[in-house]
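Per-entry structural report
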There are 2 protein chains.
Amino acid sequence: MALPQKNKIETLRVIAHPVRLRILDELAKGVKCVSDFEDFLGISQPNVSQHLALLRNHGIIDYYIDGRLRCYFLVDPMVPDILDILKKEYAGTLPAPACCPITKKGKYPGDRTN
Amino acid sequence: MALPQKNKIETLRVIAHPVRLRILDELAKGVKCVSDFEDFLGISQPNVSQHLALLRNHGIIDYYIDGRLRCYFLVDPMVPDILDILKKEYAGTLPAPACCPITKKGKYPGDRTN
DNA sequence: AAAATATATAAGGATATTTGAATGTTGTGT
DNA sequence: ACACAACATTCAAATATCCTTATATATTTT
């Protein structure tokens, strides 16, 4: 499959925010309502609602109403996979290529000084 | 491990851009230089260089010099994993929770009309 | 040495994101 | 009906991102 799946890239962009990632990480553990996040994140209620609205408008989460509570839950199946990657330990970097594939020569990465 | 690994979140944020993802997807296939991207992406050379600089400054890619070419390559091992997820086909959504875990009752998601 | 090539950097304005503050809405309890 | 609780929305300001235009740097070619 080709890369430019606009929706997924949009989703990734929305996900890639410290507060929203913490929200999503919590939701990955189970349903939570707004006031839960307020305590947990230490940010204002309107701000929590704003982040939740953004995630909701992108179809990443949804909620149902229980009295005056709104119980949020995860919808987008990509999210747990992203969270797994963020928690994964990576040792070192990818192997550097031997040389320039165009000219078949060139200085090696380690040789650069600048 | 706890979620807030600031570096990885920053990396994710930088990655989550349509042009940069296409760059990274190309680099995942092999070394490329700036003019390759210029053709491939159909954007201006300065803009290509800016995206490359951003990725470079975050340690996501690196390059080596071969004459007047700069041969870029992938460094961050998280990138291929992210690309895999973006290419993965997801069928449907995550299962909705049965009810509110706090009050043990509540309207179900499908029952909402608004 | 001058010109050309490949790329980087800087400056600028347009647009988008983020958050705080204020206000609205909806449901519950009395 | 009134007050409160839980949450959403709106507005505005600060900040960040993005791309264009212009200019700079380094290397090779002539």
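Residues numbered from 1 in each chain as written. Chains lettered and ligands numbered in written order. Predicted model: local features only at pLDDT ≥ 70, side-chain atom pairs only at ≥ 80, totals over all residues. Heavy atoms only, no water.

On to the overall build of chain A. A count of helices and strands for chain A gives five helices and three strands. Listing the helices and strands of chain A from first to last along the sequence gives α-α-β-α-α-β-β-α. Residues classed as buried in chain A amount to 45% of the 114 residues present. Sequence-distant contacts, at least 24 apart, represent 47% of the contacts inside chain A between residues at least 6 apart. When the accessible area of chain A is evaluated, it comes to approximately 5,900 Å², of which 52% is carbon and sulfur surface. (Helix = DSSP H or I, 4+ residues; strand = E, 2+ residues; numbered from the N terminus. Buried < 20%, exposed > 50% of the residue type's maximum accessible area, 1.4 Å probe, protein only. Contact = heavy atoms within 4.5 Å. Areas by Shrake-Rupley, 256 points an atom, 1.4 Å probe, with all protein chains shown as cover.)

Neighbouring strands of a sheet are bound in pairs by backbone hydrogen bonds; such pairs are parallel or else antiparallel. Residues and elements named next belong to chain A. Judged by pairing direction, the sheet is antiparallel, and its three strands sit side by side in the order 1-3-2 without closing on themselves. Edge positions in the sheet fall to strand 1 (32-33) and strand 2 (61-66), since each has one partner strand and no second. For strand 2 and strand 3 (residues 69-74), the ladder comprises six bridges, and the chain directions are antiparallel. Paired with Tyr63 across the strands is Tyr72, a residue of strand 3. Of the strands in this sheet, strand 2 and strand 3 are in contact with helix 4 (residues 45-57), which crosses strand 2 at around 115 degrees. (Pairing = 2+ DSSP bridges. Axes fitted to C-alpha atoms, helices over the stretch in contact; angles between N-to-C directions.)

Not every one of the 22 residues close to DNA strand C is listed here, only the nearest: A:Arg13, A:Gln50, B:Gln45, B:Ser49 and B:Tyr72. By atom count, sugar and phosphate contribute 63% of the portion of DNA strand C lying within 4 Å of the protein. Note that a phosphate oxygen of DNA strand C is positioned 2.5 Å from one of the side-chain N or O atoms of A:Arg13. Separating a phosphate oxygen of DNA strand C from a side-chain N or O atom of A:Arg20 is a distance of 3.2 Å. Elements supplying a minimum of two residues to the surface near DNA strand C: helix 4 of chain A together with helix 3 (34-41), helix 4 (45-57) and strand 3 (69-74) of chain B. No other element matches the five residues that helix 4 of chain B contributes to the surface near DNA strand C. In terms of residue class, the surface near DNA strand C is built from six nonpolar, ten polar and six charged. (Near = heavy atom within 4 Å. Polar contact = N/O pair within 3.5 Å; in protein donor to acceptor, adjacent residues only side chain to side chain. Nonpolar A, V, L, I, M, F, W, Y, C, P; charged D, E, K, R; others polar.)

Take the pattern of salt bridges next. Counted under the stated rule, the structure contains ten salt bridges over all chains. When the shortest N-O distance is used, the salt bridge between A:Lys87 and A:Asp25 registers 2.7 Å. Residue A:Lys87 is located in helix 5 (residues 78-87), and its partner A:Asp25 is located in helix 2 (residues 18-27); the two are separated by 62 residues in the primary sequence. What makes A:Asp25 buried here is its relative accessible area of 9%. A salt bridge links A:Asp81 to B:Lys88; the shortest N-O distance between them is 2.6 Å. With A:Asp81 in helix 5 and B:Lys88 in the segment after helix 5 (78-87), this pair bridges two chains. (Salt bridge = Lys/Arg side-chain N within 4 Å of Asp/Glu carboxyl O.)

Function cannot be read off these values alone, since they describe shape.
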